[in-house]
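What follows is each chain in one-letter form.
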Protein chains: 2
Amino acid sequence: MEKYVYSFGGGKAEGRGDMKDVLGGKGAGLAEMTNAGLPVPPGFTIATSACRTYFENGNQLPKSIQEEVDSALSHLELLLGQRLGDSGSPLLVSVRSGAKFSMPGMMDTILNLGMNDTVVESVARKTQNQRFAYDSYRRFIQMFGGVVLDIPKADFEHIFDSQKKRRGFKFDTQLTPEDLNRIIAAYKKLVLKKKKFEFPQEPRRQLNMAVEAVFRSWYNPRAQTYRRLNRIPDDLGTAVNVQTMVFGNMGETSGTGVGFTRDPATGAKQFYGEFLMNAQGEDVVAGVRTPVPIAELEKFMPEVYQQLRDITGRLEEHYKDVQDFEFTIQEGKLYMLQTRNGKRTGNAAVRIAVDMVDEGLIDEAEALMRVEPEQLNQLLHPVLDESKPLKLIAKGLPASPGAAVGRVVFTADDAVKQGKGEPVILVRGETVPDDIHGMEVAAGILTSRGGMTSHAAVVTRGMGKCCVAGCSDAEVDEKRKILKIGPNVIKEGDWISLDGSTGRVMLGKAITKQPDPHSGPFGRFMKWADEYRQLGVRANADIPRDATVSREFGAEGIGLCRTEHMFFASDRLPHMQRMIMACKDTSDPKEAARYEKDRRAALAKLLPMQRRDFAGLFKAMDGLPVTIRTLDPPLHEFLPKREQLMVEIATLEAKGKKGAKLSQLKKMLEVVEGLHEFNPMLGLRGCRLGILYPEITEMQARAIFEAACDCKNKGIRARPEVMIPLVGEVKELAAQKEIVDRVASEVFAKKGIEVEYLVGTMIELPAAALSSGEIAREAQFFSFGTNDLTQTTFGLSRDDCGKIIAAYVKQKIWPADPFAVLDPKRVGRLLKIGTSEGRQARANLKVGICGEHGGDPASIEVCAEAGLNYVSCSPYRVPIARLAAGQAAIRRSGKDVAVSASATA
Amino acid sequence: MEKYVYSFGGGKAEGRGDMKDVLGGKGAGLAEMTNAGLPVPPGFTIATSACRTYFENGNQLPKSIQEEVDSALSHLELLLGQRLGDSGSPLLVSVRSGAKFSMPGMMDTILNLGMNDTVVESVARKTQNQRFAYDSYRRFIQMFGGVVLDIPKADFEHIFDSQKKRRGFKFDTQLTPEDLNRIIAAYKKLVLKKKKFEFPQEPRRQLNMAVEAVFRSWYNPRAQTYRRLNRIPDDLGTAVNVQTMVFGNMGETSGTGVGFTRDPATGAKQFYGEFLMNAQGEDVVAGVRTPVPIAELEKFMPEVYQQLRDITGRLEEHYKDVQDFEFTIQEGKLYMLQTRNGKRTGNAAVRIAVDMVDEGLIDEAEALMRVEPEQLNQLLHPVLDESKPLKLIAKGLPASPGAAVGRVVFTADDAVKQGKGEPVILVRGETVPDDIHGMEVAAGILTSRGGMTSHAAVVTRGMGKCCVAGCSDAEVDEKRKILKIGPNVIKEGDWISLDGSTGRVMLGKAITKQPDPHSGPFGRFMKWADEYRQLGVRANADIPRDATVSREFGAEGIGLCRTEHMFFASDRLPHMQRMIMACKDTSDPKEAARYEKDRRAALAKLLPMQRRDFAGLFKAMDGLPVTIRTLDPPLHEFLPKREQLMVEIATLEAKGKKGAKLSQLKKMLEVVEGLHEFNPMLGLRGCRLGILYPEITEMQARAIFEAACDCKNKGIRARPEVMIPLVGEVKELAAQKEIVDRVASEVFAKKGIEVEYLVGTMIELPAAALSSGEIAREAQFFSFGTNDLTQTTFGLSRDDCGKIIAAYVKQKIWPADPFAVLDPKRVGRLLKIGTSEGRQARANLKVGICGEHGGDPASIEVCAEAGLNYVSCSPYRVPIARLAAGQAAIRRSGKDVAVSASATA
């Protein structure tokens, strides 16, 4: 029979640390710590399978599981000599969620469960502390009321604040036992009014209700959003941890705190964290009171401090990773409540991984697996340009590094609304999980309350987004949408700048500059990635500046230069348009010859410009291959919009205007109509252009080879790879290749020198992948254009799919947006077919990918599996791709088995 | 060493009748007849390989081949005791093209080669017939000048006509030897003027030039067009037949003719053909003089007639197929110049095939292979409704059966221009190969000259298009664009009607009616097809009328009912539009609920109409399956066009108008903008609609099952198969299937009865084919939507590809339009993957095809190969599909080896 409940306590646990699937992360940590002899309050974990069974059973907990809970509870009561609801020796427990993957702030927690009208008196008696007892009961009702009974938190807070106000108190701690008793009475009245039943007094019933509420919270919208953003499967379920209460709020020798064994922001090997004396855990995490740095604990309680350092040091060594821990001190005695691998910034992740290799804790492969490739984003993010300082108006906590500049908004909804154009900075008293959609779009976050482990800090670090937290000088009036910092009054829409690495808040629009990722341990770390990876990494770059950046980031070539971007420049567009005006149909050979002549004349003007473009790229990539794609987009993209012309003409005609402008517009409309397509994505574009108008390919080839020869004369080694787009049939490629080869020999003959070059093709149509054996007979390389390949494989336009993808991901028809994460089942299958059949025809065929997926770690995994030679991505994603490629190689070698679990913690 | 030249003559030939690949059709026939001891003028055939070598060798005939020709020529001269250019006993030869596949009128022929200034005198002397000698020389210069030297035919005709006019002659035969000599002199002057060299006098040089001209003509535009239309590969090349001249114009005991062993129009077993006394072959074929029915020959020369009947009877028995033969009588002696399997109308093809089975000549499988499936079109074409007769104004030859009604045009270009809207009838004095593009688009052809074997007659029969030829009462003035028939003056744009089966020409717009294909041998023939075929044949039909027609044509079910067509009716469109107006995005749940309510209200109005639609189809198909596809097209197809609304609004605004109309237009534009897509083919359509708006699927399912239950109550057996379009992922299908199944049980419960039904899916995206194993777990059937599958596989929009396909087919990048002929390499591969992986997951999975390809014989072959269960096509193509399926089965069984060669002749 399946086991649903696992006890821990008294030095031994039924579960183990490697049972995260079953016990969740928190439950596994508690079991592990218990088994390691650490001071962990005893309790039991209800397994994730119980959560799944609960939902499968129509939101009912089966009797068999209830009985297992009863049995674990009895065991616990026996161990402690306490009983739930017992008036003599009452047991109080916390009820916490704990899924396999850590989901901070997303799930709900209930403390002090077991309290009722009788027990509270017993606790008061036993602790000789009425204030503590009533405050604990008050907190329990409030949490239970909010989490289990769905009564708005604000209703409880209103009662609490009224009592404080009535008494003229500033601090919670000023409230007397009588005040608290009055509050409890009012809370119970609120429950009766809202729920039409009395606040449940029976502790066993409280427990059941709490467990079910935790299960239900698995599907609350915040949790769903978090899972979607972090690609956590929806069907895992959460475990529930029921644990004996220890109290950090039992007076001045009690306290509670959270910490990290190393600095999660910088990775520095220093004990890191915060605590509050005479407080419960929620006070620290929720950021309501600003806590004290953990180093201060040494002054208050040196022995406890030393014990904590010892324990956490052992934990780090045990898990071989930074530990994020929670502890409570109850009347001088230390209890460990949780340990888990700590979330960290990208900077910290790299530094910690490298340090741990140096410390002999892990090897290089493990170090590489420790950093999520996306985290490197944070090392590559802009920093403030200090040479042009702005007015510093406040300093907060450096909660998440990077610089951010934007217009101020005060609600998550406003962030979404206004964040579509210019960047916004979301300013909040403190953030709550409901703000997550606004945090996603904001350039940065500023909060007036909360610490380094507050919701805002934790979430932004995960997002790699700049955050200044706990900026206590800031008064945030969310209703009136005003931020006051000293004499400065900042209104919605005003510009501010943040430095998340130092905590500075500045007025106005700062200038940002790129970081130097090559300082610090980043270089060593990336070198390891390069040693492991088998995939090459190139960049998609159209201009020399991007090429230079990508080379600095370690790109080994350009995998995609989109030549059409060059034609949109204002000095070129007129020639391009003249060329297009001559792309007309005619059956008259004389007329056709005239049109061709006109096209050639316009192309001749573009030739020297293209030659300069290519020379610049060759120079930037000296010695490295540069893949140049011939003209790809439909021609009408270079002309005014059809409906705009129609409206202009209709307007002029309605006004009775005649003359040159109207006839000019009409002439343009005629050309645009001639090129109009119902589905331009599936129309006259790609190599089809070069087949219908070979002189375009001819001009581009000429520019490429002339530039390459000129470079060679200057001692620069140009390695052009000419790439023909949208091929679906080998004869298309053969026809275009014939032009390229012919022009190459013409140029070489004229210049008297030769350069090496390749001619290859995009594989971006299912037709191409499905006849890749034939195509490889002509192609010297393949480059998978997975944007188009995804479009055609799914029959889904990237320009039109927003609504569809949103609905599909929400309805779980797709696990993710297939344009962000390469679909392994279908598009990935075409990659495999294309690669293997291409190589069968040409053993040394070079195969790459240059779609957006080339920079996505999960997609890179698919590319590695398909046996590609390289990926190509945007310059800033090159390091991410290098790391992802390294990890893919490690995973494929089977080396990751031991470390992957912690890497995903 | 490869042999390039094959001699024949003197009772034996080096080639054989089965060497069509090598000798071409004509050459193989000559070899076969020679070997059979028939009277064939001796000669030799230069093989098709020589043509290919000629082009590979840069349009030069290699010396080795020239030497082979010399040797064959010597052999011929020895056999005949004549020599090329010999003044005593000169050899004259014809030079004719002859490809593997017959291409009537497409290639060029030269007669009387060997003539020069000396030889002509020798011939005059030997034949005692100066007129004959000079006329032969005159003809030779004219043909050689036109075909080899590219001098316009009209230039020669002008000289010839001038001389006639000068002498006041009406007939060519009135010209005296002196006249002819003057013409010859003028011809030679013309050649010198045009070519800057003298007309070549050296016969061996004449021969070389002629052979090369024949080779070159393989790539003339007419030949290329014919090959493209008839899907004949471009790289076969043509053979050249050099044959001793025999003369049908040596006086009144000479003549020439062509014929068929059975009537090629009706298939009746009667000797059929035409001849002209004292004429050369070109006079018959070109339709310049109207020839005499072949039966008349019996009166002129009874012995020769009997010999001809004997020989051709033996040939038919030998080839086991109708023979199309050419003969010449020279001074009372019969010569056979050509025999080949005769082209015939669809009607004739079926009748002949059935008759030959009855005669024991062939078996049923061979009979089936004898009819091109497309030819059945001619049996299914409309005929004139005789109950409402029009004014008969003339009668011509019934050159190609069927009825045609259209507006008169006088040039091929006008036919193309004007034939896009209403049907046109192309009226010509006689048609020429250059008219082929006009003949393609015309509904029917009327010529004033030429016989049953004239260009117009042969080509239209091949096209299955109505033609009345040789209508000698008609005076066609192509320049002034006037057709005079007696007192009737018919201008461009006037309506006329033709009956190609009787030769009648009528004034005005006739009513046509459908033929009864079930009379005559058609029924027996189709029964054989049904016995052989393994593929089922269904029809695509949206309305009961089409369903009924398709059932009469033998459809075994409906393979595709497009429900959207039903929504365009004027009583439904307003409801559809109201539904669409409520397809809006909102994040407000209340608003969303209101929109859904609005959609449901509009759908409720459509429900009873859809129910009636389906009930009609079920009734028509009583007992047969009816596949109903849920809503497929993008919603904006049901709304006014976006740019039209923009222009209307701009016009009203420019005029300063305000008011209800403007704001209504703006509101509509807002909705249209919301639905606007850049690539609607890849947008919100297919099952995506049903996933975003499940109530649409719900309504359609309800209509289907309510109709089916109602039918059952009336004793009609409805067999609905609900088909979900544009699925790419099994979860899409699962979600829609859940709705269909739920609605079905609701309806069955309410009605108290049940009907059998299936739920399946279109496979029309590469994604679907590539995950068909998964999809088949939910789908009870697959239907390949090869229109969309071709679009997405090739990344090519059917709406935008005209220009591209034309260029690609012309440049030979594609062998054919992939929307007309299923691409076997890529789309066909997806068919195979989809079918085999689908069946692996569900062994009894029913698999069909419902794209346009379902009615195309070549595509049906691919479907048979992929192992599909059925094809579905438009009602009128059902018999074609049945035959094609029968042929596919015969080919796959290997039975066709013996007969395919003659079927393609």
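Residues numbered from 1 in each chain as written. Chains lettered and ligands numbered in written order. Predicted model: local features only at pLDDT ≥ 70, side-chain atom pairs only at ≥ 80, totals over all residues. Heavy atoms only, no water.

1. Brief notes about the interface of chain A and chain B
So, point 1. Taken together, the contacts link 57 residues of chain A with 56 residues of chain B.
So, point 2. Its largest share of buried area at the contact with chain B, chain A owes to L682(A), L770(A) and K803(A), together 13% of the area lost on that side.
So, point 3. Put simply, chain A and chain B have 10 salt bridges between them.
So, point 4. A salt bridge links E774(B) to K825(A); the nearest nitrogen and oxygen atoms lie 2.7 Å apart.
So, point 5. The set of elements that each furnish at least two residues to the side of chain A that touches chain B consists of α22 (642–654), α23 (660–675), α24 (687–692), α26 (730–751), α27 (766–770), α29 (786–794), α30 (802–810) and α31 (827–841) of chain A. (Contact = heavy atoms within 4.5 Å. Buried area = accessible area lost by both parts, 1.4 Å probe. Salt bridge = Lys/Arg side-chain N within 4 Å of Asp/Glu carboxyl O. Helix = DSSP H or I, 4+ residues; strand = E, 2+ residues; numbered from the N terminus.)

2. Observations regarding the environment of R314(A)
Residue and element names in this part refer to chain A.
So, point 1. Looking at the secondary structure, you find R314 in helix α12 (residues 302–319).
So, point 2. For the pair R314 and V755, spaced 441 residues apart in sequence, the C-alpha separation works out to 61 Å.
So, point 3. Discounting residues that sit within four places of it in the chain, R314 has contacts with A36 and L38.
So, point 4. Among the polar contacts made by the side chain of R314, one reaches the main-chain carbonyl oxygen of A36 at a distance of 3.4 Å. (Polar contact = N/O pair within 3.5 Å; in protein donor to acceptor, adjacent residues only side chain to side chain.)

3. Side note on the packing of aromatic side chains
So, point 1. Tallied over the entire structure, the rule returns 40 aromatic pairs over all chains.
So, point 2. Between F794(A) and W814(A), the aromatic rings sit 5.5 Å apart at their centres with planes inclined by 75 degrees, giving edge-to-face as the arrangement. On the criterion of sequence distance, the pair formed by F794(A) in helix α29 and W814(A) in the loop between α30 and α31 is long-range, its members being 20 residues apart.
So, point 3. When the ring of F325(B) is compared with that of F327(B), the centres are 6.2 Å apart and the planes differ by 40 degrees; the resulting orientation is tilted. (Phe/Tyr/Trp six-rings, centres within 6.5 Å; stacked < 30°, edge-to-face > 60°.)

4. Quick look at empty space enclosed by the protein
Residue and element names in this part refer to chain A.
So, point 1. Counting across every chain of the model gives 4 cavities of 30 Å³ or more.
So, point 2. The volume enclosed by the second largest cavity comes to roughly 50 Å³.
So, point 3. T630, L631, G686, C687, L689, G690, I696, T697, Q700, P725 and Q736 together form the lining of the second largest cavity.
So, point 4. Elements supplying a minimum of two residues to the lining of the second largest cavity: α24 and α25 (694–713).
So, point 5. Looking at the lining of the second largest cavity residue by residue, the class counts come to 5 nonpolar, 6 polar and no charged. (1 Å grid on protein atoms, 1.4 Å probe; cavity = no way out; pocket = protein on both sides within 12 Å on 5 of 7 lines; lining within 4 Å. Points joined across faces, edges and corners; volume = space filled by probe spheres on them. Nonpolar A, V, L, I, M, F, W, Y, C, P; charged D, E, K, R; others polar.)

5. Some words on the pattern of salt bridges
So, point 1. All chains considered together, the criterion is met by 124 salt bridges over all chains.
So, point 2. Connected through salt bridges with shared partners, the residues E596(A), R600(A), E698(A), R702(A), E738(A), R742(A) and E746(A) form a single ionic network.

6. Structural notes on the sheet that holds strand β25 (residues 504–507) of chain A
Residue and element names in this part refer to chain A.
So, point 1. Strand order in the open sheet formed by 8 strands is β15-β25-β24-β17-β18-β19-β20-β16, and the pairing between neighbours is mixed. A single partner strand is all that each edge strand has here, and the edge strands are β15 (391–395) and β16 (397–400). Going across the sheet, the axis of each strand differs from the next one's by a mean of 30 degrees, ignoring polarity.
So, point 2. Direction of pairing for β15 relative to β25: antiparallel, over a ladder of 4 bridges. Looking at the pairing, K395 lines up with R504 of β25. (Pairing = 2+ DSSP bridges. Axes fitted to C-alpha atoms, helices over the stretch in contact; angles between N-to-C directions.)

7. A closer look at the packing of helix α4 (residues 117–127) of chain A against helix α5 (residues 130–147) of chain A
Residues and elements named next belong to chain A.
So, point 1. At a closest axis distance of 8 Å, the pairing of α4 and α5 adopts a crossing angle of 150 degrees. With respect to α5, the element α4 is oriented roughly antiparallel. Relative to α5, the crossing made by α4 is right-handed. Facing α4, whose interface residues are D117, V120, E121, V123, A124 and T127, α5 presents Q130, F132, A133, Y134 and Y137.
So, point 2. Its residues assigned to classes, the contact of α4 with α5 shows 7 nonpolar, 2 polar and 2 charged. (Parallel < 35°, antiparallel > 145°, perpendicular 65-115°, else oblique. Left-handed = near helix turned anticlockwise from the far one by under 90°.)

8. Points about the confidence of the model for chain A
So, point 1. Per-residue pLDDT for chain A has a mean of 90; in total, 96% of the residues score no lower than 70.
So, point 2. Both scores are available for the predicted complex, with the pTM at 0.78 and the ipTM at 0.77. (pLDDT = per-residue confidence, 0-100.)

9. Considering the relation of the copies chain A and chain B
There are two copies of the chain, and a rotation about an axis plus a shift along that axis relates them.
So, point 1. When chain A is fitted to chain B, the best match, at an RMSD of 0.3 Å, comes from turning it 179 degrees and sliding it 0.0 Å along the axis. Both chain copies can therefore be described as sitting about a two-fold axis.
So, point 2. Taken as a fraction of all interface residues of chain A, those also at the interface in chain B reach 98%, which identifies the copy contact as same-surface. (Least-squares fit on C-alpha atoms with pLDDT ≥ 70 in both.)

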